[in-house]
Amino acid sequence: MRLAVIGCGYVGLVTGGCLAEAGHDVIATDTDAARIDTLNSGKLPIYEPGLEGVTERARRAGRLRFTSDSGEAVRFGDAIFICVGTPPLESGDADLSAIDNVARQIGAKAGSFKLVIEKSTVPAQTGEQLRRALAVYGRSGGAKFHVASNPEFLREGTAVGDFFHPERIVVGVEDAESEQQLREIYRPILEGQFHCPVHQPTCPAGPAPAFLVTTIASAELIKHASNSFLGLKISYANMLAELCERLGGNVEEVTQAMGLDPRIGPQFLNAGLGFGGFCLPKDIQAFLRLAERNGVDFGMLREVERVNKRRIDLFLEKVRRALWVLKDKEVGVLGLAFKPNTDDIRFAPGIEVVRRLLGEGAKVRASDPVAIARASTVLAGVDFFEDPYDVARGAEALLLLTEWKEYRQLDWARVHKEMARPLVLDARNMLPPAQMKALGFEYHSFGRPDLTSAPVFA
Ligand code: UDX
């Protein structure tokens, strides 16, 4: 099928690249001409494992093209995926101006019938507004439009695998024809008829994805409801960690046992520095505002946010307790991305920790496997090193802020030798406390007994 993708950000590139890899013909467009030039030169403006291979193969096979001419893309696609950003406004509401702008372009340039699919995360009722906007903006062109919602559940770092092996594909539609078109678009994924870029030679056996057909409003709600619930799970685990610290429990033992109950499940119960990134925090805010505007008090989500924000304060208290005065202390930081396997630092808790350390006069030396370039644009006054051992050299404390497996696998005996004071504060509960103690570290994490006898400045 001929598809257009509007917006070559994260979601647009994964969607366009993977649908082209699955056999469709895709033209993707973006208002940022420099971004299109980068894409046409074979480079990706984002880091996502596996995506470069996918887009490169599809480009070479002639199934994926990039253009800055939105009219070309709109005319080409029988179905058009809207993948533009919906960043938070000051109020917490999602900014939908980019969606409105896209509706204007589609309305003006379509020329023939189009299925217009919301892929961007939008609050419920956007589909309704979009349908009206297309009717208004397309008045003179005479083209007819159908609108559908098809939320993405892609996790940064594993998005390509998530696209080809989703648990569910949700399509919110108003008519049978749109449902049929969307089934056709996803047929290769539903039937496993694709060359999997993630698993070689064959994909592990697993159930086929569920194809859920809902109303547009339900589809829009499902995305916000899912991300808000994930945030709620994390904040719940973080509250347990706080309680374990007071009562001498071990949060890992508690959440492991809880997770074995299939009604609860083991994922997203890792206590630590809290959630960040461009999805969870903004989706929770937008969901809260949506509820508020519609007279529903979803207060528990405010609490989720509050607990999450407090994680950074609590961690800094731990740092202060261990180091006493921060001014002029050499503090090493490992991990800046909001989670592993991505260079995304938007709303990354680690970035906020570094800002606060700098604010208190600490001398920060930092590393991250892939996010240094991005971090250096927002953090002035930090010394960046590619090699984590260089960060440890001479440090009076080493802070683990992102759960990269590379850091788990460090030669910690060597790290111990490099440091001026062997103090590790692990904000992601990555390392075994007993082993760290055996190596001679003073070691602190969240919600687990420290097992440390080193002096602590209270
Ligand atoms: C999220 C959703 O998972 C995905 O389905 C949606 O489409 C987009 O938003 P993503 O933003 O890539 O994906 O990150 P995710 O893997 O959900 O992690 C979010 C944050 O939560 C990270 O900062 C991570 O470190 C933190 N986290 C995750 C925890 O603190 N504890 C956990 O147990 C799990």
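The structure under discussion appears in the preceding block.
Below is a summary of the structure that appears in this document. By convention here, each chain's residues receive numbers from 1 onward along its written sequence. Reporting in this predicted model follows two pLDDT cut-offs: at least 70 for local features of residues, and 80 or more for side-chain atom pairs to be given and counted; totals over whole chains, interfaces and linings ignore these cut-offs and use all residues. Water and hydrogen atoms play no part in the side-chain values, which are based on all heavy atoms of the structure.

1. Some thoughts on the site of the ligand
- Think of it this way: one heavy atom of a residue within 4 Å of a molecule or strand is enough to make that residue near it. Around the ligand lies a shell of 21 residues, among which E156, N270, C279, F338 and K339 are the nearest.
- Here a polar contact is recorded for every N or O atom pair within 3.5 Å, except that within protein the pair must consist of a potential hydrogen donor and a potential acceptor, and residues adjacent in sequence are included only if both atoms are side-chain atoms. One of the side-chain nitrogen or oxygen atoms of E152 is found 3.3 Å away from an oxygen atom of the ligand.
- Take N270: an N or O atom from its main chain is 2.8 Å from an oxygen atom of the ligand.
- Methods summary: accessible areas were calculated by the Shrake-Rupley approach with a probe of 1.4 Å, and residue burial reflects only the protein chains presented. With the chains in place, 93% of the 670 Å² that the ligand exposes on its own is no longer accessible.
- It is helix α9 (residues 216-247) that contributes the most residues to the shell around the ligand, four residues altogether.
- Three classes are used, and their members are as follows: Ala, Val, Leu, Ile, Met, Phe, Trp, Tyr, Cys and Pro are nonpolar, Asp, Glu, Lys and Arg are charged, and the others, Gly among them, are polar. Of the residues belonging to the shell around the ligand, the class tally is ten nonpolar, four polar and seven charged. Think of it this way: any DSSP run of H or I at least four residues long counts as a helix, any run of E at least two long counts as a strand, and we number them from the N terminus.

2. Some thoughts on the pattern of salt bridges
- Salt bridge, as used here, is a side-chain nitrogen of Lys or Arg placed within 4 Å of a carboxyl oxygen of Asp or Glu. For the structure on display, the rule yields 37 salt bridges.
- Where salt bridges share partners, they join D93, R289, E292, R293, D297 and R302 into one cluster.

3. Some remarks on the nonpolar core
- In this text, buried Ala, Val, Leu, Ile, Met, Phe, Trp, Tyr and Cys residues form a nonpolar core when linked through side-chain atoms within 4.5 Å. Exposure categories follow from relative accessible area, calculated using a 1.4 Å probe and restricted to protein chains: below 20% of the type maximum is buried, above 50% is exposed, and the middle band is partly exposed. Core analysis: the biggest nonpolar cluster contains 53 residues, and F315, L357, L399 and W412 have the highest contact counts within it.
- For this core, the secondary structure elements donating two or more residues are α12 (299-323), β9 (330-334), α13 (349-359), β10 (363-367), α15 (388-392), β12 (397-400), α17 (412-418) and β13 (423-426).
- In what follows, a contact means two residues having at least one pair of non-hydrogen atoms within 4.5 Å. Residues in contact with W412, not counting those within four places in the same chain, are L398, L400, Y407, V424, L431, M436, L439 and F441.
- A20, I36, L154 and V171 belong to the second-largest nonpolar core, a separate cluster that totals 43 residues.

4. A few points about α13
- Taken together, the buried positions of α13 are P349, G350, I351, V353, V354 and L357.
- G361 sits one or two positions beyond α13 and adopts a positive phi of about 90°.

5. Focus: the packing of α9 against α12
- The geometry of α9 relative to α12 is characterised by a closest axis approach of 9 Å and an angle of 45° between their N-to-C directions. The pairing of α9 with α12 is recorded here as oblique in orientation. In this structure, the crossing between α9 and α12 has a hand that is left-handed. Taking contact as the criterion, the partners of S228, G231, L232, S235, N238, M239, A241, E242 and E245 in α9 are, on α12, M300, L301, V304, V307, N308, R310, R311, L314 and K318.
- Of the residues assigned to the contact of α9 with α12, the class counts are eight nonpolar, five polar and five charged. Interaxial angles span 0 to 180 degrees and are taken between N-to-C directions of axes, which are lines fitted to C-alpha atoms, for helices over the stretch in contact. Small angles under 35 degrees read as roughly parallel and large ones over 145 as roughly antiparallel, with 65 to 115 read as roughly perpendicular and the rest as oblique. Helix crossings are classified by the rotation of the near helix relative to the far one: an anticlockwise turn of less than a right angle makes the crossing left-handed, while a clockwise turn makes it right-handed.

6. A word on the layout of surface pockets
- A cavity, in this analysis, means grid points on a 1 Å lattice covering only the protein atoms where a 1.4 Å probe fits yet has no way out; a pocket is instead an open set bounded by protein on both sides within 12 Å along at least five of seven lines, and a residue lines either one if it has an atom within 4 Å of a point. Grid points are joined across faces, edges and corners, and a volume is the space filled by probe spheres set on the points. Quantified by volume, the second largest pocket comes out at close to 460 Å³.
- Taken together, 20 residues line the second largest pocket, and the ones lying closest to its centre are F275, P281, N308, K309 and F347.
- Mapped by element, the contributors of at least two residues to the lining of the second largest pocket are α11 (280-293), α12 and α13.
- Element by element, the count of residues in the lining of the second largest pocket is highest for α13, at five residues.

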